[in-house]
Amino acid sequence: MGNRGMYLWIHFLFVLVAAIATSSHGDLSADSHWLLQIKDQLNDTRGSIVSWSSETEVCSWNGITCSPDKSQIVGLNLSGSGLLGMISPAFANLKSLRSLDLSSNSLTGPIPAELGSLSNLTELLLYTNRLSGGIPAELGLLQKLATLRIGDNLISGHIPPQLGNCSNLQTLGLGSSSLDGSIPVELGNLKLLTLLNLQKNSLSGPLPEELMGCTHLQILSAADNRLKGAIPRAIGNLHLLQTLNLANNSFTGPVPMEFGNLASLEYLNLQGNRLSGEIPSHLNQLSHLRTLDFSKNNLTGEISVVASKLQNLQALALSDNFLTGSLPEDFCTGKTSLQNLLLSGNKLSGSIPHCLLECSVLHVLDLSGNSLTGEIPSWVDKVGDLTDLLLHNNSLVGTIPPEIGNLSSLETLYLHHNVLTGQIPADIGKLQKLKYFTLYENQLSKEIPLELTNCSSLEGIDFFGNHFSGPIPSTIGNLKNLVFLQLRQNDLSGSIPPSLGQCRKLQALALADNRLSGKLPPTFRFLTELQIITLYNNSLEGPIPQSLSSLQKLEFINFSNNNFTGTIDPICSSKSLKKLDLTNNSFTGKISPQIGNCSDLVRLRLGLNRLDGEIPNEISQLTQLTLLDLSSNNLSGELGLKLSTCKQLSILDLNGNRFLGEIPSWLGSLHSLGELDLSSNGFSGTIPPEIGNCSNLLKLSLSNNRFSGEIPSTIGNLASLNVLNLQNNNLSGSIPTTIRNCKKLYELRISQNFLSGSIPKEVGELTELQEALDLSENSLSGVIPPSLGNLKKLESLNLSRNHLQGDIPKALGGLTSLNNLNLSDNLLHGEIPQGLSKLPSASFLGNMNLCGPPLSSCSEPVGGGRRWMSRAAVLGITVGIALTATLVCLALLYAILRIWCNYRKVSVSSSDFNVGLEHRKEDEKWVLGKTHHLGLVGSPEEDKRKGKLNF
């Protein structure tokens, strides 16, 4: 009994101690319960928490860290575990937790406010997820928190000022989110803070002065926000600061000279602000500085920062400011570490600075976009160990020095947009590491040297806009790594070398605007990576090789303005094709139905060829098409519904073909249409009123067809219209007054129709008319509306061959821009306005009662000013003259009859004598014959003696 009693007593004490320990240090069984509940709410895509099971000890679970005595869960790390789902509020039940790391997953939803109850938490890492909502203010309750990193999420809203209560916080990472509002001044209470990352948000307002009290700060990044105001001068108090990044904000004012006090500073980035003034020379005191970037500001003055004083400086970027002068002479004296010098986009002048010779380890030199003059120095090969030399966009002259071929490490050479002359030196072929070489927009000439093709690492060549002549190097195929070849706008001749087909990585080929001839080499079939090819404006000929159909990555093809023949089938099969231009060649045959497979096609230009047949039905599959130009071919048939699915069309040009039938009403559903040209075809029927639904239409040309009926009044809905051409059709009726709504009309041509009625006065409201107003060869009547005098920009006005009446309005004399006027062949009368007197007389011919310069002068009545007879007076005078002429004719007829009667009497009395009858007839014949003969042939003198008229 004694032993048993002692045993029970010892057991009681053990249970009591265990209970006390459990109450003070936590309950693992309870924690495991909550963790299993958390597990059920997560989607474990990688099996990272498959070990979490009630059958195993919780301290052995993946990601779990227990205290040394395994009485508490102190850490949970599931970073990068591929977890999906939301952060459970149940985490708040893990009271002993000190570190919680759920970073780099795909967690969504808000940050639970319950996490603020984890009073032992020192580290909370939730960065790089897809968390949303705001930052819970309850996190400010975490007094022991030293590290809070919740950036790179979708969290939004303001930064809660309560975070300033986390007095032990050393690292605060809120970058790469969608936070807005100002930076709370309460963050200045975080006296132990060493890292503050607020970059890549939408924060606004100033940089708080209170932050300058965080004297332990080593890293401060607030780049890529909307901060503004001056940079606080007190920033010079942050003596431990190593990294300061305020790039891409809207800070103004000068660069504080107090930056010179930041003795520990290694990285200083203020690029992309609006800082002004000069660069303070105090920056030369920053002996630890490795990177200085002040690019994209408004800094002025000369460069005062010198690498010789900043011996650890590796990168100096002052691009895109307004700096002047040149580099200081002592810029690189002594031992320097400068590797990258970026001074582009300033106003530096003079020649390339000689002091660069002393920059012994320089790799990247960018002096582009300045006002440098002179020649590229021959000592350029002595500058450091250059990998990138960028001298473009200056005013450099002279030749490319052959010494440039000694830069054996050179990878990038940009010399474009200067005034360089001469030829490419053959020494360039020694640059085995050269990847990118640009010379465009210079004045270089002669042949491209064969040695260039020894630069086997070349990936990009751009020689656009020079005067290179001769052939493309036949060994171009040696450039196996070539991705981009731009030789456009030179004087290159000869054929395209077949070896080009060996450049199998080529993605873009531009040989346009040269004098190349011959056929396309069949080796093009090997260019399977080719995406862009432009050969326009050459003299290339022959059919397109069928093998080109294998180039399935082609997106942009422009073969326009050559002499290609045959069918277009080989280049209509690329399913990647977006833009195809074959304008102005001699292609024949039909448009291939394969074109329907190019479902991404946006622009299709086939104009000025000899294509025939109908538009294939498959073209309806090109639903992304914005431009279709089939003009000046021999295409025929009706439009039908073939293009009705091409809802994105902005330009449709079918002019100069043989299309028939009516315009389909579905054209009105093409709301993006900006230009519609159906001119010079055989279209008939009426113009559909639905055309008025094309509210974005800028040009509408239906001329030289057989359209009939009236001009639809819905034409007035085309408020953006610049050009309206309906001439040479069979249109009738009146000009719709709704035309007044087309306020942006620049050119209006409705001539050669059967329009009637008067010219609407509303035409005078089209004050943007400039190119032409042509209403000629119709049946328009009435007067010329004076409102046409409002068309002050008009250069050409043609109202000829109508039935217009009345005076020419004086207001037309005020059209000072008018250089072509035709009012001929109408019924106009009166005096021509003085403002039109200098125009040629042909402008007014065919109007019987017009007078005044440039026609004959108008008569002046005695009493003073001119007066013009009314139409009734003119008609009365005309009738009077006609009656008088009739009376005179009747009197003459009466006199002739009297003479004839007397003659008959004489003839009857002579017939009583039979003797000599035959002789009398002969005499009569002879006399008549002689009279006839004398009347036509006799001399004028003889006729006058006999009192006869000579006809």
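Up top is the structure.
Residues numbered from 1 in each chain as written. Predicted model: local features only at pLDDT ≥ 70, side-chain atom pairs only at ≥ 80, totals over all residues. Heavy atoms only, no water.

**Let's talk about the overall build of the protein chain**
For step 1, the next point in the chain: A tally of regular secondary structure across the protein chain gives five helices and 67 strands.
For step 2, the next point in the chain: Across the 951 residues in the protein chain, those meeting the buried criterion constitute 47%.
For step 3, the next point in the chain: Within the protein chain, contacts between residues at least 6 apart in sequence are counted, and of these 48% link residues at least 24 apart.
For step 4, the next point in the chain: When the accessible surface of the protein chain is summed, it comes to about 43300 Å², and 53% of that surface belongs to carbon and sulfur atoms. (Helix = DSSP H or I, 4+ residues; strand = E, 2+ residues; numbered from the N terminus. Buried < 20%, exposed > 50% of the residue type's maximum accessible area, 1.4 Å probe, protein only. Contact = heavy atoms within 4.5 Å. Areas by Shrake-Rupley, 256 points an atom, 1.4 Å probe, with all protein chains shown as cover.)

**Some details on the pairing of strand β18 (residues 250-253)**
For step 1, the next point in the chain: The pairing of strand β16 (residues 226-230) with β18 spans three bridges and is parallel. Within β18, the residue paired with Lys-228 across the bridge is Ser-250.
For step 2, the next point in the chain: Taken together, the two bridges between β18 and strand β20 (residues 274-278) define a ladder with parallel strand orientation. Bridged to Gly-253 within β20 is Leu-275. (Pairing = 2+ DSSP bridges.)

**Here's the deal with the side chain of Thr-171**
For step 1, the next point in the chain: Examined against the element boundaries, Thr-171 turns out to sit in strand β11 (residues 171-173).
For step 2, the next point in the chain: According to the relative accessible area criterion, Thr-171 is buried, its value standing at 17%.

**Some points on a nonpolar patch on the surface**
For step 1, the next point in the chain: Together, Leu-887, Leu-890 and Leu-893 make up a nonpolar patch on the protein surface, roughly 310 Å² of accessible area in all.
For step 2, the next point in the chain: Locating Leu-893 in the fold gives a position in helix α3 (residues 871-910).
For step 3, the next point in the chain: Look at Leu-893 and you get partly exposed, because its relative accessible area is 48%. (Patch = residues over 30% accessible without salt bridge, like charges linked within 9 Å, V, L, I, M, F, W, Y side chains within 5 Å. Salt bridge = Lys/Arg side-chain N within 4 Å of Asp/Glu carboxyl O.)

**Section: the state of the cysteines**
For step 1, the next point in the chain: In total, this model carries three disulfides according to the counting rule given.
For step 2, the next point in the chain: Bridging Cys-59 to Cys-66, the disulfide has an S-S length of 2.1 Å. Taking the torsion about the S-S bond as the criterion, the Cys-59 to Cys-66 disulfide, at about -100°, is left-handed. Each member of the pair, Cys-59 as well as Cys-66, carries the same accessibility label: buried.
For step 3, the next point in the chain: Between the sulfur atoms of Cys-851 and its disulfide mate Cys-858 the distance is 1.7 Å. (Disulfide = S-S within 2.5 Å.)

**Overview of the packing of aromatic side chains**
For step 1, the next point in the chain: Enumeration over the complete set of coordinates arrives at seven aromatic pairs.
For step 2, the next point in the chain: For the ring pair Trp-52 and Trp-61, a centre distance of 5.7 Å and an interplane angle of 20° mean the geometry is stacked. Just as Trp-52 is buried, Trp-61 falls in that class too.
For step 3, the next point in the chain: Between Phe-463 and Phe-468 the ring centres are 5.5 Å apart and the planes differ by 40°, which places this aromatic pair in the tilted class.
For step 4, the next point in the chain: On the accessibility criterion, Phe-468 (0% relative accessible area) is buried.
For step 5, the next point in the chain: Joined through ring pairs, the aromatic side chains of Phe-437, Phe-463 and Phe-468 make up one cluster.
For step 6, the next point in the chain: For Arg-149, the ring lying beneath its charged end belongs to Tyr-127, and the centroid distance is 4.1 Å.
For step 7, the next point in the chain: The ring of Phe-526 is capped by Arg-504, whose NZ or CZ atom sits 4.5 Å from the centre of that ring. (Phe/Tyr/Trp six-rings, centres within 6.5 Å; stacked < 30°, edge-to-face > 60°. Lys NZ or Arg CZ within 6 Å of the ring centre and 35° of its normal.)

**Side note on the pairing of strand β64 (residues 803-806)**
For step 1, the next point in the chain: Bridging between strand β62 (residues 779-783) and β64 involves three bridges; their strand directions are parallel. Bridging from a neighbouring strand, Ser-781 pairs with His-803 of β64.
For step 2, the next point in the chain: In the sheet, β64 pairs with strand β66 (residues 827-831) via two bridges, with the strands oriented parallel. Within β66, the position partnered with Gly-806 by the bridge is Leu-828.

**A look at the pattern of salt bridges**
For step 1, the next point in the chain: Across all of its chains, the model carries 16 salt bridges by this definition.
For step 2, the next point in the chain: Between Arg-488 and Asp-513 there is a salt bridge, and its shortest N-O distance comes to 3.2 Å. Taken together, the positions of Arg-488 in the loop between β37 (484-486) and β38 (491-494) and Asp-513 in the loop between β39 (508-510) and β40 (515-518) put the pair 25 residues apart, joining distant regions of the chain.
For step 3, the next point in the chain: Of the charged contacts, one joins Lys-743 and Glu-765 as a salt bridge, the two residues approaching to 3.1 Å between their closest N and O atoms. Of the two residues, Lys-743 is situated in the loop between β58 (730-733) and β59 (747-749) and Glu-765 in the loop between β60 (754-758) and β61 (772-774); the sequence distance between them amounts to 22 residues.
For step 4, the next point in the chain: For Lys-743, a relative accessible area of 39% corresponds to the partly exposed category.

**Examining the sheet that holds β16**
For step 1, the next point in the chain: In spatial order, the strands read β10-β12-β14-β16-β18-β20-β22; together these seven strands make up an open sheet with parallel pairing. On the outer flanks of this sheet lie β10 (156-157) and β22 (298-300), each paired with one strand and no other.

Any functional reading would require information beyond the geometric quantities listed.
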